[in-house]
Amino acid sequence: MASEDARHLSIDSSPTVRSLSRAFEIARAFIESRADRAVWPTATLDELRASLGGELPPGPIDSADVVDALARAAEPGIVATTGPRYFGFVTGGALPATVAAEWLTAVWDQPASLYVLSPAAAVVEEVAARWLLDLLGLPAGASVGFVTGCHMANFTALAAARLELLRRAGWDVEADGLQGAPRLRVIVGDEVHVSVIGALRLLGIGSRQVVRAAADDQGRMRPDALAEALAAGEGPTIVCAQAGNVNSGAFDPLDVIATLTSRHGAWLHVDGAFGLWAAASASLKTHVRGVERADSWATDAHKWLNVPYDSGLVFVRHPEAHRAAMSLGAAYLVRSGNEPREAMDWTPESSRRARGFAVYAALRSLGRSGIEDLVDRCCRLARRFAARLIEEPSIQVLNDVVLNQVLVRVVPPAGDADVATRDALRRVQDERICWLGGSRWRGLDAMRISVSNWSTTEEDVDRSADSIVRAVRSPR
Ligand SMILES: Cc1ncc(COP(=O)(O)O)c(C=O)c1O
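Predicted, not measured: the structure shown is a model, and the values here were computed from it.

S.K.: Even after reading the chapter, I still don't get a nonpolar patch on the surface, so can you show me in this structure?
M.R.: A cluster of nonpolar side chains, Leu20, Phe24, Trp103, Leu104, Val107 and Trp108, forms an exposed patch at the surface whose accessible area comes to about 560 Å². Among the secondary structure elements, those contributing two or more residues to the nonpolar patch are α2 (15-33) and α5 (96-108). Here the nonpolar patch gets four residues from one element, more than from any other, and that element is α5. Here Phe24 shows up in helix α2. Residue classification places Phe24 among the partly exposed positions, given a relative accessible area of 45%.

S.K.: Just checking my understanding: could you explain the sheet that holds strand β7 (residues 312-316) for this structure?
M.R.: Remark on secondary structure: sheet strands pair via backbone hydrogen bonds, oriented parallel or antiparallel. Read across the sheet, seven strands follow the order β1-β7-β6-β5-β4-β2-β3 without closing on themselves; strand pairing throughout is mixed. Unpaired on one side and paired on the other, β1 (143-147) and β3 (211-213) mark the two borders of the sheet. This sheet shows a mean twist of 20° between the axes of neighbouring strands, independent of strand direction. Two strands pair when backbone bridges link them, and β1 and β7 are joined in this way by five bridges, in the antiparallel orientation. Residue Phe146 lies in a different strand from β7, and its bridge partner there is Leu313. Where helix α11 (residues 254-263) meets the sheet, its contacts fall on β4 (237-242) and β5 (267-271), and the angle it forms with β4 comes to roughly 180°.

S.K.: Honestly, the site of the ligand in this entry has me stumped. Any pointers?
M.R.: By nearness alone, 14 residues border the ligand, and His151, Asp271, Asp300, His302 and Lys303 come closest of all. One of the backbone nitrogen or oxygen atoms of His151 is found 2.8 Å away from an oxygen atom of the ligand. Here an oxygen atom of the ligand sits 2.7 Å away from a polar atom, N or O, in the side chain of Asp300. Summarising the interface, the protein chains cover 83% of the accessible area of the ligand, which totals 390 Å² for the free molecule. Of the residues contributing to the shell around the ligand, the split by class is four nonpolar, seven polar and three charged.

S.K.: I tried to follow the pattern of salt bridges on my own but got confused; where do I start?
M.R.: Pairing between side chains becomes possible if they bear opposite charge and their charged atoms approach one another. Going through the model one piece at a time under the given rule, you end up with 33 salt bridges. Between Asp460 and Arg85 there is a salt bridge, with the nearest N and O atoms lying 3.1 Å from each other. Taken together, the residues span a long stretch of sequence, with Asp460 in helix α15 (residues 458-473) and Arg85 in the loop between α4 (63-74) and α5 at a distance of 375 residues. Exposure class is identical for Asp460 and Arg85. Each is buried. With a shortest N-O distance of 3.6 Å, Arg388 and Asp462 are connected by a salt bridge. Of the two residues, Arg388 is situated in helix α13 (residues 356-389) and Asp462 in helix α15; the sequence distance between them amounts to 74 residues. For Arg388, a relative accessible area of 31% puts it in the partly exposed group. Relative accessible area serves as the criterion here: at 15%, Asp462 is assigned to the buried category.

S.K.: I tried to follow the sheet that holds strand β10 (residues 437-441) on my own but got confused; where do I start?
M.R.: Reading across from one edge, β8-β9-β11-β10 is the order of the four strands in this open sheet, with antiparallel pairing throughout. Each edge of the sheet is formed by a strand with only one pairing partner; in this case those strands are β8 (395-397) and β10. Pairwise comparison of adjacent strand axes, ignoring direction, gives a mean angle of 40° for this sheet. Each of β8, β9 (405-410) and β11 (444-450) is contacted by α13, which is oriented at about 15° to β9, the strand it contacts most.

Thresholds, definitions, all that
- Counting restarts for each chain, with residues numbered from 1 along the sequence as it is written.
- Where totals are concerned, whole chains, interfaces and linings use all residues; where local detail is concerned, this predicted model gives features only for residues with pLDDT of at least 70, and gives and counts side-chain atom pairs only at 80 or more.
- Each side-chain value is worked out from all heavy atoms of the structure, with water and hydrogens disregarded.
- Patch criteria: residues need more than 30% relative accessible area and no salt bridge. Like-charged residues are merged within 9 Å; nonpolar side chains of Val, Leu, Ile, Met, Phe, Trp and Tyr are merged within 5 Å.
- For the accessible areas, the method is Shrake-Rupley and the probe is 1.4 Å, while residue cover comes only from the protein chains on display.
- Put simply, a salt bridge is a Lys or Arg side-chain nitrogen that is within 4 Å of an Asp or Glu carboxyl oxygen.
- A run of DSSP states H or I qualifies as a helix once it reaches four residues; a run of E qualifies as a strand once it reaches two. Both are numbered from the N-terminal end.
- Whether a residue is buried, partly exposed or exposed follows from its accessible area with a 1.4 Å probe, protein chains only, as a fraction of its type maximum: under 20%, in between, or over 50%, in that order.
- We call two strands paired when DSSP finds no fewer than two bridges between them.
- Under this scheme, a helix contributes an axis fitted over its contacting stretch, all axes are lines through C-alpha atoms, and angles between N-to-C directions fall in the 0 to 180 degree range.
- Whether two residues are in contact is decided by their heavy atoms: any pair within 4.5 Å suffices.
- Any residue with a heavy atom lying within 4 Å of a molecule or strand is counted as near it.
- N or O atoms within 3.5 Å of each other form a polar contact, as long as, within protein, one can give a hydrogen and the other can take it, and as long as residues adjacent in sequence are counted only when both atoms are side-chain atoms.
- Polar here means any residue outside two lists: the nonpolar Ala, Val, Leu, Ile, Met, Phe, Trp, Tyr, Cys and Pro, and the charged Asp, Glu, Lys and Arg; Gly therefore counts as polar.

Spatial relationships are all this shows, so hold off on functional conclusions.
If you want it as structure tokens, here you go:
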């Protein structure tokens, strides 16, 4: 296609430029509509299957026409997750500079694997890595990997932990595998995120082998339970703590946990998919006190940093273990003579998109104060949400709103509160003013609100709170 582009006399008639121009017009209209469009689309699954489906075309179709038809068919099924009233999961919007950086990354089609494949992608990762360690208060010498999301960040960090702990026990897990290896103990909080368990499964540690330390009413790992679990065994041990519970936003007491784990020579991993960003805020960093004492950390850029999907980050205090767990060698994978950081040494993938460009764009466009402001603003808006909702007599907020998460439950004067909560959630979703997901919290149904988008305003929160109150009040 590149040579086809080059054959065109006018650049404007090249297929890539015509397709991009068409995409730009479509994107412009979408962005213009974003603040006011219904958050949840109206098209049914059958309609989407019909408009996007059909047989594989027998031959080529003009590329700009493909873009046009794709957008026409897909847009009725697009959830406005980048809009200001999307509060589902923990979903950031896409900051302006990051969207443009992603487009350029695609136009450049840069893999971030080896320095020789893209010196710019390699250097951008180096620079963004340094900025991130500084911003998050992590050791300057830690290694950094740019992965797809926090699940893979957890996997990468735990692979490094497995390698290092078994190496200390005299076992080379990369060469000899897990069969016959000294047993690894893994202790997690009872409210551990499922992706940590998923990562451990991929590493050969089954979910039934993981020891769960009890959590308190906010979902924080209890230090006494951890101390008991540590004392109950011996041998190479990994402790997985959490900064930011996916439901309540609560933080495990990291400082105390770090003291306990270091006493036992254990590896401390912190899953901070979104909570780690509290470290970038002067008023919130108290929640992550002691975080720098851990051995590894996982977070997301596609959540609170508002970088487009997909983008996760892993940090490891022990670069040799990190590299040894991920690195691959083959004659054709040519390494640079002067040994700059090779991007593929720190992630599970060999080939991957140069997602460092968008992370770099986010950090550079917001700067230190902009990131702090983004984090603080989302938390302020979460508190505003909670304050407005509890004015309604039948609404309860189940968690202490310490971060950007609010758990809402409907408790009617009569009838089943779980059913009332689920009904209200369905009505909120039907009204399409905002979108929230559902969850269970300590055995109770709840609506989950996560304020993570850079463009959300007080007015958006008020409109959304009004929609929730309407849903709670309307008769079943
Ligand atoms: C605490 C925590 N860890 C890990 C993850 C997994 O992140 P991802 O879906 O980006 O891989 C999440 C996602 O919400 C999370 O909240």
